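Residue-level structural notes
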Amino acid sequence: MNTITLNIPNLGIEGFYELCQANQNLQLERTETGEVIIMPPTYPSTGKKNSGLNAQLWNWNDRTNLGIVFDSSSGFTLPNGAVYSPDASWVSNEKWEALTQTQQEEEFSPLAPDFVVELRSSSDSLKKLREKMQEYINNGVRLGWLLDPKNKIVEIFRLEKQIKILESPTTVFGEDVLRGFELNLNKVW
């Protein structure tokens, strides 16, 4: 099951929103250049791993109340116009509360989350995921993790820093973005 990329000329944000509304059974993303990416559902093994990741992030946030946690169904409009749905993401309360109610509830919120995670599934291209992670950072995401369960590798992306690669780690830390968050990778691998 591979992703499909459609090139739809002149597809702006409003057109993309209408496309999503007309095809609610599809998982769609829009690149900066207007290409529409159609993603198949994940296999249950990937869904299980993603649930473990989201549960840990949600539990940490429930204890700290520092922001809002989002799952892979949540779309964000980045400053460059791309609309992506990270596998897990987190937005600080300050950034979230700066949005209007309409931007929070009836749009693909126009912001770059503070933190994103992409969890590589068996059909994902590592090259494309790395490009997407860099695009997140270029658009204001402060911390991003690319998790590769097959090879047990974590790639850490941060603003103005080199990509850090961890091989077979058992934990990864939220640093200064998610203070006190520690992801137990044994529940994700």
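Everything below is about the structure printed above this text.
This report concerns the structure included in the present document. The numbers attached to residues start from 1 for each chain and follow its sequence in the written order. Totals for whole chains, interfaces and linings use all residues, but because this is a predicted model, local features are given only for residues with pLDDT of at least 70 and pairs of side-chain atoms are given and counted only at 80 or more. The basis for every side-chain value is the complete set of non-hydrogen atoms in the structure, without hydrogens or water.

**Description of unusual backbone geometry**
Formally: Where helices and strands are cited, they refer to DSSP runs of H or I of at least four residues and of E of at least two residues respectively, numbered from the N terminus. Relative accessibility thresholds used throughout: buried, under 20% of the residue-type maximum; exposed, over 50%; partly exposed, between the two (1.4 Å probe, protein chains only).
Even without being glycine, Lys152 reaches a positive phi, approximately 50°. As for its placement among the helices and strands, Lys152 is situated in the loop between strand E9 (143–148) and strand E10 (153–158). Classification of Lys152 by relative accessible area gives partly exposed; the value is 38%. Despite not being glycine, Glu175 has its phi angle at roughly 50°, a positive value.

**Overview of the sheet that holds strand E7 (residues 88–92)**
Formally: Strands were regarded as paired on the criterion that DSSP finds at least two bridges between them. Axis definition: a line fit to C-alpha positions, over the contact stretch in the case of helices; interaxial angles, taken between N-to-C directions, run 0 to 180 degrees. In what follows, residue pairs with any heavy atoms lying within 4.5 Å of each other are defined as contacts.
With mixed pairing, six strands are arranged side by side in an open sheet as E4-E7-E8-E9-E10-E11. Unpaired on one side and paired on the other, strand E4 (67–71) and strand E11 (164–167) mark the two borders of the sheet. For this sheet, the mean angle separating the axes of adjacent strands, direction not counted, is 15°. Relative to strand E8 (residues 115–119), E7 runs antiparallel, the two sharing three bridges. Looking at E8, one finds that Ala88 is bridged to Val117. Of the strands in this sheet, E4, E7, E8 and E9 are in contact with helix H2 (residues 44–64), which crosses E4 at around 170°. In this fold helix H5 (residues 126–138) packs onto E8, E9 and E10, with an angle of close to 170° to the strand it touches most, E9.

**Re H2**
Heads up, the rule is: Expected helix span is taken as 1.5 Å per residue step, with the number of steps being one fewer than the number of residues.
Taking 1.5 Å per residue as the helical rise, H2 with its 21 residues ought to reach 30 Å, and the 30 Å between its terminal C-alpha atoms agrees with that figure. Within H2 the residues assigned to the buried category are Thr46, Asn50, Gly52, Leu53, Asn54, Gln56, Leu57, Trp60 and Asn61. Packing partners of the buried residues in H2 comprise E4, E7, E8, E9 and strand E13 (182–184). The first or second residue beyond H2 is Asn65, which carries a positive phi of 55°.

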